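Fold and contact review
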Amino acid sequence: MAMTNFDGLPPPPPLEEDQDRVIALGADDGAYVAPPETNLEQDGGNEQGSEVDAADEQQEGSEVGGYRSDFKRGKRLRKLARMLNSKQAQKANTRFYKHTVLVILGLLIAHMACFIASVALIDGQKQYIEEVVDAGSAVITLHRMALDCRVFDALHKNQSQTGIFTEADLPHFEFLFEDAIDKFQRDHENTYLGRTKMRRLMNRKKYKLQDYWETPMWTSLTEKIDKDTPTFVNKSLGLWEMGNEIIAAAREVLANHERMVQNGPLDGNRFWFFVMWNAPWVLYDGYKLTLYGLVEQVLDKFSQVGSAMVVLLVLEGCIVFFSASMYVLMLIQQMVKNRANLFSVFLVIPTGFLRALASKQVQLDEDADTDDDDDDVGDLRQDDQEQEGQKLVLSTGGKRGKSSMDGAAEDWFAHNRANKPQPFWIRMAHSLNPLTWFGSQRGKDAGKKQLVRNGRDSAFITAPFAFWGCVIILVYAITIVQLGRVKGPFQMLNMIDFLVFRVTRGVVFALETCLSTTDADKEMRKQQTAQQLADMEHDYISFLYGFPALGPGAVRDDLSVDKPAVFQNQDLANLFFRNTGCLRADKSGCFPPGHKFYDATHNGIDAMAVRFMQETHLLLSDPYSAINISSSRLQYIWQIGRADLFDGMSTAENLYVPWNFHQPTPGSRGILPLE
C-alpha cells in the first residue's frame, strides 16, 4: 500500500536535488526518502532524535556535495594548470630562452669576427718579415755575383789554386753565377714590388724607402766608350733602376765572358766593371738602408697590431660580454618577476583552505575538457555557496580570517597598481644592482605572506658568460704580451741576417786582397777588408752577448740589441757552442775525420766564426809577398766561409723564421759547395 501523509494525500514527488541525493545514497529504484521536514514531523516531536537525524542528514549531504565540489574543483584546477602553461603565462620564459639563444649566437659571431680580425692582423705581419728576409737575401746574392765575376777574371788570367778554384771549376762557377743572378732578380723584385701583390715602398719616419728606390740619388760609376777611348762617368740612379742594370750587366758577363777576354782582360770590360764597382759598394749601401727601413716598418706594424688588439680586447672582452651578461641577467629578473606575479595569487588564499584542498583525494574526469564554460560558471556559483557553508571549518578563524584574506588581496592589488612598469634604463640599472644578484630578503608583499627572492639561479646562469668573458680577456692579454716580446727576436733575426752576408762579404774582400798584384792595391784592399772585419766582429759580439759586451767606447746603431741571443734560445746556444755535427747543407762535402779543418767545422758555429775572424786578422798581418791566392789563410776563409759557416748561420736564422722560404739547401740561398 502506498504511503500517504496525514492529510490523506499521496506524497509529493522528490525534488531534483533530493533525487540526486537519493541516488548518491544508494536508494533502490522506487524507494522514497522523505525530505528532512517530513521526517521531522513523523518523529512525533522527539527533539533529540530530530537533532541526531538532522546531523546525520547534514553529514551525508556534505559528503555528497563535497565529492561533487571536488570534481568540479579538479576541473578548474586542470584548466588553471593549462592557463599557467599557456603561451601568455609562459611568455617571459619563452622570451628568456629565445633571447638567451640569440645572445649566445651573437657572442659566437662576435667572437668569430674578432678572432678572424686578430688572425688577419697577426698573419699580415708575416708579409713585412718576409720583405726583410728578401732584402737580406738580395744582399747575399749581390755579393755572390761579385764573387763569381772575380773568379771568372782570375781563371781567365790563369790564377788558380787547388782547394780554392781551378780552371776545371769554370763550368761549375758559371752555374753558380747564373743561380746568383736569378736569386738576386727574384729578391730584388720582391723587395720593391712585393711578394704576393704589387705595392710601393713608403717613406718611414727615419728611413725614406720610397726615395731610396725611386729617386736618382745613388751615384754609379760606369765606363763609356767613345771612339774606342774608354772614359769613366758617373750616373745617378735609384735602387730599382740600378739593380736592374746590374742584373743586365751580370747576364752579359755570364753569356759572353769567353768572347770578352779575346779583346783584353775581363776586368777591362765595362759590363764586368759595372758589376764589380757598384754591386758591393753603392748597391750594398742602398740595400743596407733599405733593411733598416724595413725593420722600422715591421716594428711600427707590430705596435699598430698591439694597439688594435687592445681595442679588440675592450670591444669583445669587456663591452660585448659585459653587455650580454647584463642583458641575460635582466631577462632572468623579468622571468622571476613574472613567476612571482603568477604564484602571488595563491598567497591571498587562506592556508587552512589550501591544506584542506591538498588533503582531499581528487579524481579528474578525462572528459572534463570537453565541457562548456557555461557549466563551469554554474559550478563556480554552486561551489561558492558550498564554501560559504564550510567557511567556519576551512577558514583561519571566524571574521579575523575573512578580513585577513580580504586585506591581503586589497594590499596585493594596491601593490601592483603602485608598481607600474618602469622604463628600460631603470630596469637595467636595477638588474645591475649587486644586492639583487645573489638574493635578497625583500620580496613580493601579499598581506602577511611574502615571496622571498633568491638570486642563486641568476648567478648560476650568468656565471658561464662571465667565465667566457674572463677567458677571452686572458687570451687577449697573453696575445698582447707575446706581441710585445716580438721586437727582441725580430731584432735578433735582422742581426743574424747581417751576420750571414757579413761572412759572404768577408770572403769577397779577402779574395780581392789576395788577387791584388801591386802593393798599393794590396794595401787598399787590406784597409777595406779590415773595415769589413771590424763590422763583423761588432755585430757578432753584440748578437751573442749583447751590446754592453762591446765596451764603453762602442757606438750603438740600429742593429744593436741589449739582450744576448745566447740566453734567449736554447737551440741557438746549442747550435753555436754544443753542436758536434757538420753544418753544411750538402753533407757529402763535409770534411772527414783527420782533415785539417775537421775540428773547426765540428764544434759549433762559434768555433768556425771565431777562427774565420782570426784567419782574416792573420791575413791582414802577413807581408805583401805572403798575400796571394796560395795563402793558407785564404783557404780557410774560402772553404769554410762559403759553405760550413755560411750554412750554419743560415740554419741559425731559420730558428727565428720558421716559415723562411730560403732554406740553405744546394742551389737555393746557400752557396753551392765545390765538388
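My aim in this report is to walk through the structure given alongside it, one point at a time. All values derive from a computational prediction rather than experimental measurement. (Residues numbered from 1 in each chain as written. Predicted model: local features only at pLDDT ≥ 70, side-chain atom pairs only at ≥ 80, totals over all residues. Heavy atoms only, no water.)

**Looking at the overall build of the protein chain**
Which entries qualify depends on this criterion: Helix and strand labels come from DSSP, where a helix needs a run of H or I of at least four residues and a strand needs a run of E of at least two; each type is numbered from the N terminus. Here the term buried applies to any residue with accessible area under 20% of the maximum for its type, exposed to any over 50%, and partly exposed to those in between, with areas from a 1.4 Å probe on protein chains only. Any two residues whose heavy atoms approach within 4.5 Å at even a single point are treated as in contact. Exposure was quantified through the Shrake-Rupley algorithm and a 1.4 Å probe, taking into account, for residues, occlusion by the shown protein chains and nothing else.
Across its full length, the protein chain holds 20 helices and 4 strands. Relative to its full complement of 675 residues, the protein chain shows a buried share of 42%. Intrachain contacts of the protein chain at a sequence separation of at least 6 include 74% that bridge at least 24 residues. Approximately 36500 Å² of the protein chain is accessible, and the part contributed by carbon and sulfur atoms is 57%.

**A few points about the state of the cysteines**
Heads up, the condition is: Counting rule for disulfides: a pair of cysteine sulfur atoms within 2.5 Å.
Applying the stated criterion to the full structure yields 1 disulfide. Lacking any disulfide linkage, Cys-470 is separated from the closest cysteine sulfur, that of Cys-318, by 9.7 Å.

**Considerations on the packing of helix H5 (residues 170-193) against helix H7 (residues 239-260)**
This is how the line gets drawn: Throughout, an axis means a line fitted to C-alpha atoms (over the contacting stretch in the case of helices), and angles, computed between N-to-C directions, take values from 0 to 180 degrees. Any angle between 65 and 115 degrees counts as roughly perpendicular, while under 35 counts as roughly parallel, over 145 as roughly antiparallel, and the rest as oblique. Should the near helix be turned anticlockwise from the far one by less than a right angle, the crossing is termed left-handed; should it be turned clockwise, right-handed. Side-chain classes are defined by residue name, with Ala, Val, Leu, Ile, Met, Phe, Trp, Tyr, Cys and Pro counting as nonpolar, Asp, Glu, Lys and Arg as charged, and the others, Gly among them, as polar.
The contact between H5 and H7 brings their axes to 10 Å, and the two run at 165 degrees. Between H5 and H7, the crossing angle belongs to the class labelled roughly antiparallel. The two elements H5 and H7 cross, and the hand of that crossing is left-handed. Contact with H5, carried on its side by Leu-170, Glu-174, Phe-177, Glu-178, Ile-181, Asp-182, Phe-184, Gln-185, His-188, Glu-189, Tyr-192 and Leu-193, involves Leu-239, Trp-240, Gly-243, Asn-244, Ile-247, Ala-250, Arg-251, Val-253, Leu-254, His-257 and Glu-258 of H7 and no other residues of that element. Its residues assigned to classes, the contact of H5 with H7 comprises 12 nonpolar, 5 polar and 6 charged.

**Section: a nonpolar patch on the surface**
Selection criterion: Only residues whose relative accessible area exceeds 30% and that form no salt bridge are eligible for patches; like-charged ones are grouped when within 9 Å, while nonpolar side chains (Val, Leu, Ile, Met, Phe, Trp, Tyr) are grouped when within 5 Å. We define a salt bridge as a contact between a side-chain nitrogen of Lys or Arg and a carboxyl oxygen of Asp or Glu at a distance within 4 Å.
Together, Tyr-97, Val-101, Leu-102, Ile-104, Leu-105 and Leu-108 make up an exposed nonpolar region whose accessible area comes to about 570 Å². Note on placement: Ile-104 falls in helix H4 (residues 91-156). Residue classification places Ile-104 among the partly exposed residues on the basis of a relative accessible area of 33%.

**Things to note about the nonpolar core**
This is how the line gets drawn: What we call a nonpolar core is a set of buried Ala, Val, Leu, Ile, Met, Phe, Trp, Tyr and Cys residues that are connected through their side-chain atoms within 4.5 Å.
Core analysis: the largest hydrophobic core is formed by 127 residues, its most contacted members being Phe-165 and Phe-543. Top contributing element to this core by residue count: helix H8 (residues 270-343), with 26 residues.

**Here's the deal with the environment of Ile-461**
Mapped onto the elements, Ile-461 comes out in helix H14 (residues 456-484). Spatially, the C-alpha atom of Ile-461 lies 9.3 Å from that of Ser-325, the residues being 136 residues apart in sequence. Leaving out residues up to four positions away in the same chain, Ile-461 has contacts with Phe-96, Val-328 and Ile-332.

**Some points on the environment of Asn-338**
Topologically, Asn-338 is positioned in helix H8. Residue Asn-338 is classed as partly exposed on the basis of its relative accessible area, which comes to 21%. Sequence separation of Asn-338 and Gln-90 is 248 residues, and the distance between their C-alpha atoms is 8.7 Å. In this structure, Asn-338 is in contact with Ala-89 and Ala-92, ignoring residues within four places of it in sequence.

**Here's the deal with the side chain of Gln-125**
Here Gln-125 shows up in helix H4. Here Gln-125 falls in the buried class, since its relative accessible area comes to 6%. Not counting the four nearest positions on each side in its chain, Gln-125 is found in contact with Lys-301, Phe-302 and Val-305.

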